[in-house]
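Now for the letters of each chain:
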Amino acid sequence: MLEEFGSSAVLALKMLQNSGFESYLVGGSVRDFLMNVDLGDKDITTNATPEEVRGVFSSFRVIDTGIRHGTVTVLIDGEPIEITTYRCESAYSDNRRPDSVSFSKNFSDDVLRRDFTINGIGVSIDGEIRDEVGGKADIERKIIRAIGVPQERFSEDALRILRAIRFASVLGFKIEENTENALRETKELLKNISAERKREELLKLINGKNAEKVLLEYRDIIAVCIPEIECEFDFEQHNRHHVFDVYTHSVKALSNAIEDANIRMALLLHDIGKPKTAKFDEKGEMHFKCHAAESIEIAGKILTDLRFSNAEKQEILTLIKYHDIPFMCEDMKNPSQKRIRRIVSKFGKDLSLKFLEIRRCDNMAQNPEYFLGKDFYGQCERMIFEITDSGECLTLKDLRINGNDLLNSGFSGKKIGEILNQILEKVLNGDLQNDKAELLAFAEKLK
């Protein structure tokens, strides 16, 4: 049984046992094991004190991860195994961490300070499953239930509020009624949690298989983390292309996407500027002129507040800026090779494929009558690969002529760059072949 947890975790349990200590694998890896999914990080809880743990593993590298709270990390064959002493905790005055901890010799004490029953199950070196909070039954029934009094668990560490709905999204579980009520009662405590911790939970949540249901059902909790998003709630679009309010549309678009955090975050925020730009025309239809620019401004603040890296922020905002980029011909039905060639020329293959994914998901979340169809997006994808794999001329460096050629033909200064860009435009349009003689002849005409 324990081989599922890997040789490093098993060795750690054996070494603790051989040294006279009690220990259990606990937390997410046990939950994952019981669900028969890939196991996450291996955590061990024990009655050995941190100093005793250091003694047991004196021949290994030991990192004092959080020794004040009883946690050390042991590196075994390069794998980090987190080992924490059984403990009881005092009050959490900052809703983030206990003011103090006291070590215990009792496994039950340690379990009762944990967050959810599904994370409170232990497995010993002998394969004994120790479940004192009904976690195994909750896994079987697909329920997320707080251990003990839910309000107390969330007041201790408000991040657990987000963790609850993240688990609901990722695992596809339902949140038990009392736990759900406590989530809503204590949601404002999330304001005490660092932006970095909230960002990490949100990113896991939006990539979950049940993200659509959770984002819609717990939108009030999402709004505590992203206050700006509340303007989208119930904002009807009054446009023939849309059948959902702005928030529901954005969430449905997100749920259609591949599991890419930047794409999904861009879809969550791509229309956040619509409420500010909404205007009715004389026929009573609503339009959102320049909403992408407004969305970028609002999304930029959100991403900054949540401490996204500069690289993540830049890509997400670029995806929002061009989320309406057209891949179709003027007939609005068929893929346009010219337009796709220009997109690939400007952004490269990888980003072009992300734009296409954004367009597909956005389109799927609109009025079904205007969905262009799977075949359309499949054709566009094939065109992107064909264009990039064929070695077509896509950038200035691909042209058969360069600045020196134009210099020798009598051009000088800024004019050289202008002419090269004009020639590239002609080649991208298919009006010129990428042939040196033909390109130089065209350049002569431009004189």
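Further up the page is the structure itself.
These lines cover the structure that appears in this document, whether it is placed above or below.

Reading the values: the criteria
Residues numbered from 1 in each chain as written. Predicted model: local features only at pLDDT ≥ 70, side-chain atom pairs only at ≥ 80, totals over all residues. Heavy atoms only, no water. Buried < 20%, exposed > 50% of the residue type's maximum accessible area, 1.4 Å probe, protein only. Helix = DSSP H or I, 4+ residues; strand = E, 2+ residues; numbered from the N terminus. Contact = heavy atoms within 4.5 Å. Core = buried A, V, L, I, M, F, W, Y, C linked by side-chain atoms within 4.5 Å. Pairing = 2+ DSSP bridges. Salt bridge = Lys/Arg side-chain N within 4 Å of Asp/Glu carboxyl O. Axes fitted to C-alpha atoms, helices over the stretch in contact; angles between N-to-C directions. Polar contact = N/O pair within 3.5 Å; in protein donor to acceptor, adjacent residues only side chain to side chain. Phe/Tyr/Trp six-rings, centres within 6.5 Å; stacked < 30°, edge-to-face > 60°. Lys NZ or Arg CZ within 6 Å of the ring centre and 35° of its normal.

Examining helix H2 (residues 28–35)
Item 1. Taken together, the buried positions of H2 are occupied by Ser 29, Val 30, Arg 31 and Asp 32.
Item 2. Looking at the packing, one finds that the buried side of H2 touches strand S1 (23–26), strand S2 (43–46), strand S8 (121–123), helix H5 (135–141) and helix H7 (159–171).
Item 3. Just beyond H2, the residue with positive phi is Asn 36, at close to 60°.

Things to note about the nonpolar core
Item 1. Ranked by internal contacts, the top residues of the largest apolar core, which has 120 residues, are Phe 57, Ile 165, Ile 226, Met 265, Leu 269, Phe 327 and Ile 423.
Item 2. In this structure, Phe 327 is in contact with Asn 334, Pro 335, Ser 336, Ile 340, Ile 343, Ser 352, Phe 355, Leu 356, Arg 359, Phe 376, Cys 380 and Ile 384, ignoring residues within four places of it in sequence.
Item 3. With six residues, the next largest nonpolar core counts Tyr 86, Phe 107, Val 133 and Ile 147 among its residues.

Overview of the pairing of strand S5 (residues 79–85)
Item 1. As judged from the four bridges shared by S2 and S5, these two strands associate in the parallel manner. Looking at S5, one finds that Asp 43 is bridged to Glu 82.
Item 2. Relative to S5, strand S4 (residues 71–76) runs antiparallel, the two sharing six bridges. Bridged to Ile 76 within S5 is Glu 79.

Points about the environment of Leu 189
Item 1. Here Leu 189 lies in the loop between helix H8 (177–186) and helix H9 (195–206).
Item 2. Taking the C-alpha atoms as reference points, Leu 189 and Lys 397, 208 residues apart in sequence, are found 55 Å from one another.

Notes on the pattern of salt bridges
When the charged atoms of two side chains with opposite charge come close together, those side chains can pair.
Item 1. Going through the model one piece at a time under the given rule, you end up with 39 salt bridges.
Item 2. Ionic pairing is found between Glu 176 and Arg 145, a salt bridge with its closest N-O pair at 4.0 Å. Of this pair, Glu 176 sits in the loop between strand S11 (174–175) and H8 while Arg 145 sits in the loop between strand S10 (143–144) and helix H6 (150–156), and the two are 31 residues apart along the sequence.
Item 3. For Glu 176, a relative accessible area of 16% corresponds to the buried category.
Item 4. For Arg 145, a relative accessible area of 25% corresponds to the partly exposed category.
Item 5. When salt bridges that share partners are traced, they join Asp 138, Arg 141, Arg 145 and Glu 176 into one network.

A few points about the sheet that holds S1
Item 1. One open sheet accounts for seven strands, arranged S3-S4-S5-S2-S1-S8-S9; its pairing is mixed. Of all the strands in the sheet, just strand S3 (61–66) and strand S9 (129–131) have a single pairing partner and so form its edges. Across the sheet, the mean angle from the axis of one strand to that of its neighbour is 30°, orientation sign disregarded.
Item 2. Strands in contact with H2 are S1, S2, S8 and S9; relative to S1, the strand with the most contacts, it is inclined by about 65°.

Notes on the side chain of Thr 117
Item 1. Summarising the element assignment, Thr 117 is placed in the loop between helix H4 (107–112) and S8.
Item 2. Within the local environment of Thr 117, its side chain forms a polar contact with the side chain of Asp 138, the two groups lying 2.6 Å apart.
Item 3. Beyond its immediate stretch of four places on either side in the chain, Thr 117 contacts Val 133, Gly 134, Gly 135, Asp 138, Arg 145, Ala 146 and Ile 147.

Re the environment of Lys 191
Item 1. Along the polypeptide, Lys 191 turns up in the loop between H8 and H9.
Item 2. Among residues more than four places away in sequence, those in contact with Lys 191 are Lys 198 and Val 224.
Item 3. At 2.7 Å, the side chain of Lys 191 forms a polar contact with the side chain of Glu 188.

Here we look at the packing of aromatic side chains
Item 1. On inspection of all chains with the given rule, the structure shows twelve aromatic pairs.
Item 2. Measuring from ring centre to ring centre gives 6.3 Å for Phe 116 and Phe 154, while their planes differ by 50°; the resulting arrangement is tilted. On the criterion of sequence distance, the pair formed by Phe 116 in the loop between H4 and S8 and Phe 154 in helix H6 is long-range, its members being 38 residues apart.
Item 3. With relative accessibility at 0%, the residue Phe 116 sits in the buried group.
Item 4. Ring geometry for Phe 347 versus Phe 355: centroids 4.7 Å apart, planes at 75°, classification edge-to-face. The two residues Phe 347 and Phe 355 agree in class, both being buried.
Item 5. A cation over a ring is seen here: Arg 166 above Phe 167, with NZ or CZ 4.5 Å from the ring centre.
Item 6. A cation over an aromatic ring shows up here: Arg 219 above the ring of Phe 233, its NZ or CZ 4.5 Å from the ring centre.

Brief notes about unusual backbone geometry
Item 1. The backbone of Asp 77 sits at a positive phi, close to 55°, despite the residue not being glycine.
Item 2. Note on placement: Asp 77 falls in the loop between S4 and S5.
Item 3. We classify Asp 77 as exposed; its relative accessible area is 72%.
Item 4. The phi angle at Cys 290 is positive, at roughly 65°, despite the residue not being glycine.
Item 5. As for its placement among the helices and strands, Cys 290 is situated in the loop between strand S13 (286–287) and helix H15 (291–305).

Don't take any of this as a statement about function, it's just geometry.
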